Amino acid sequence: MDKVAQLQQWVKESRNIVFFGGAGVSTESGIPDFRSVDGLYQQKYAYPPETILSHSFFMAKPEEFYRFYRDKMLYLQAKPNAAHLKLAELEACGRLKAVITQNIDGLHQAAGSKKVLELHGSVLRNYCQKCGKFYEVQAILQSQGIPRCACGGIIKPDVVLYEESLDEAVLEEAMRCIAQADMLMIGGTSLAVYPAAGLIYGYHGRRLVLINRDPTPHDQKADLLIPGKIGEILSQIKTA
Ligand code: APR
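Criteria and thresholds
Residues numbered from 1 in each chain as written. Predicted model: local features only at pLDDT ≥ 70, side-chain atom pairs only at ≥ 80, totals over all residues. Heavy atoms only, no water. Salt bridge = Lys/Arg side-chain N within 4 Å of Asp/Glu carboxyl O. Helix = DSSP H or I, 4+ residues; strand = E, 2+ residues; numbered from the N terminus. Buried < 20%, exposed > 50% of the residue type's maximum accessible area, 1.4 Å probe, protein only. Contact = heavy atoms within 4.5 Å. Pairing = 2+ DSSP bridges. Axes fitted to C-alpha atoms, helices over the stretch in contact; angles between N-to-C directions. Near = heavy atom within 4 Å. Polar contact = N/O pair within 3.5 Å; in protein donor to acceptor, adjacent residues only side chain to side chain. Areas by Shrake-Rupley, 256 points an atom, 1.4 Å probe, with all protein chains shown as cover. Nonpolar A, V, L, I, M, F, W, Y, C, P; charged D, E, K, R; others polar. 1 Å grid on protein atoms, 1.4 Å probe; cavity = no way out; pocket = protein on both sides within 12 Å on 5 of 7 lines; lining within 4 Å. Points joined across faces, edges and corners; volume = space filled by probe spheres on them.

J.: It is not clear to me how the pattern of salt bridges should be interpreted in this structure. Could you clarify?
T.: It is possible for side chains of opposite charge to pair when their charged atoms get near one another. In this structure the tally under the stated criterion is 10 salt bridges. For Glu173, the salt bridge identified is with Lys115, shortest N-O distance 2.4 Å. With Glu173 in helix α8 (residues 168–180) and Lys115 in the loop between α6 (107–110) and β3 (116–118), this residue pair connects regions lying 58 residues apart in the sequence. Classification of Lys115 by relative accessible area gives partly exposed; the value is 29%. The closest approach of N and O atoms between Glu118 and Arg125, which form a salt bridge, is 2.9 Å.

In C-alpha cells form, the structure reads like this:
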C-alpha cells in the first residue's frame, strides 16, 4: 500500500488523532522555518538569531531585539495553508483531538482549529512586563523602537525565548493528549529543540506518522515515514 493510502487508512480508523508540528507546517504559507537551508538561522546577522531570540538579549538590548523581531518574526499577512485547513477539518469531524504546535503564528486557529496547544506561545499575545496589561500585535507593529505600555513598562511578546521555560500547564496537557492518542501525526519539525521534541516519547501506540521534508533524529521511531511537503500530503487525505 502506498504511504498516503496507509495514512488515509489510519485516519479513517482513528478517533483520537493528535498532531504535533513545527515551522515546516507554515512554510507553505510563506513563513520561513529556522533550520532549513533557507531558514532564519542560516541568515547572517550581527548576532546569531538564537542569541537575539533569548531572554538575556531581550533584557539587555530590547531595541535590537525588536528590530530583528519586527523584521523577521511577524508575518501577519500569512494565510493558513492546506495543512492547517485539513487539521481543522479533522478536528471538526471528530477524528482529531488536539493540535500541539511549536509555532507562534496563530495560523492553526486562523484555519479553524479549536484545541491548539502553543508550546512556544504566540506573537498575537503581548503583555506589559510591569503591569501585565495585554496588547494586540498591532501595538508592536505600529510602534518604533521599544514598545511601551501606558504605565511606562516594556511590552513583551508572549513567546518562549531561549533561556525561558515553557508554560508547564500547556506542556502537561500536550503530554496527556499524546498519551491518550490512538494516532500521533508529527510534521514540519526538525525535532531538534527540547522539551518540545521530547513529546514523541509520550506516545505508546503503533500509529506514529512522521511527515517531514528533511530527515529528523527520530525517523526510525515512525511507524509511517512520509518525506515531502506536509500541505501537499495532507491535502490528499479525505475526512469523510
Ligand atoms: N513540509 C514538510 N516539512 C517541511 C516543510 C514542508 N512544507 N518545510 C520545512 N519542513 C521541515 C524541514 O525539513 C525541517 O526539518 O520542517 C522542519 C523545520 O524545522 P525547524 O526549522 O528546526 O523548525 P522547528 O522544528 O519548528 O523548530 C523548533 O526551534 O528555534 C526554535 O522556537 C523555535 O519553535 C522553534 C523550535
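J.: How should I be thinking about the environment of Val170 in this particular structure?
T.: Residue position: Val170 is located in helix α8. Owing to a relative accessible area of 21%, Val170 belongs among the partly exposed residues under this scheme. Sequence spacing of Val170 and Leu74 is 96 residues, and the spatial spacing of their C-alpha atoms is 23 Å. Excluding its chain neighbours within four sequence positions, the residues that come into contact with Val170 are Leu117, Glu118 and Leu119.

J.: Would you mind showing me how to read the sheet that holds strand β2 (residues 96–101) here?
T.: Two strands in a sheet stick together by hydrogen bonds in their backbones, pointing the same way (parallel) or opposite ways (antiparallel). Strand order in this open sheet of six strands is β3-β2-β1-β7-β8-β9, and the pairing throughout is parallel. Since the sheet does not close on itself, it has two edges, and those belong to β3 and β9 (224–227), each with one partner. Here the strands of the sheet are splayed against their neighbours by 15 degrees on average, with no regard to which way each runs. Summarising the sheet, strand β7 (residues 183–187) and strand β8 (residues 208–212) pair through four bridges and their orientation is parallel. Across the sheet, Met185 pairs through a bridge with Val209, a residue of β8. Together, β1 (17–21), β2 and β7 form the strand contacts of helix α5 (residues 82–92), whose direction differs from that of β2 by roughly 145 degrees.

J.: Please clarify how the site of the ligand should be interpreted in this entry.
T.: Taken together, 23 residues form the shell around the ligand, and within it Ala23, Arg35, Tyr41, Thr189 and Ser190 come nearest. In the model, a nitrogen atom of the ligand is placed 2.8 Å from a nitrogen or oxygen of the Thr27 side chain. Interatomic distance of 2.6 Å between a side-chain N/O atom of Ser190 and an oxygen atom of the ligand. Within the complex, 95% of the 730 Å² of free accessible area of the ligand lies under protein. Partitioned by chemical class, the residues of the shell around the ligand number six nonpolar, 11 polar and six charged.

J.: Can you help me understand the layout of surface pockets in this one?
T.: Which parts of space are left empty comes out when a probe the size of a water molecule is rolled across the atoms. What the second largest pocket holds in volume is close to 160 Å³. As for the second largest pocket, its lining consists of 14 residues, of which Gly121, Asp158, Val159, Val160 and Asp167 are closest to the centre. Of all elements in the fold, only β4 (121–128) and β6 (155–159) reach the threshold of two or more residues within the lining of the second largest pocket. Among the elements that line the lining of the second largest pocket, the one with the most residues is β6, at four residues.

J.: Would you explain the environment of Asn16 in this entry?
T.: With respect to the helices and strands, Asn16 occurs in the loop between α1 (3–13) and β1. Measuring from C-alpha to C-alpha, the distance between Asn16 and Ile155 comes to 38 Å, with 139 residues separating the pair along the chain. In this structure, Asn16 is in contact with Arg95, Lys97, Gln180, Ala181, Asp182 and Met183, ignoring residues within four places of it in sequence.

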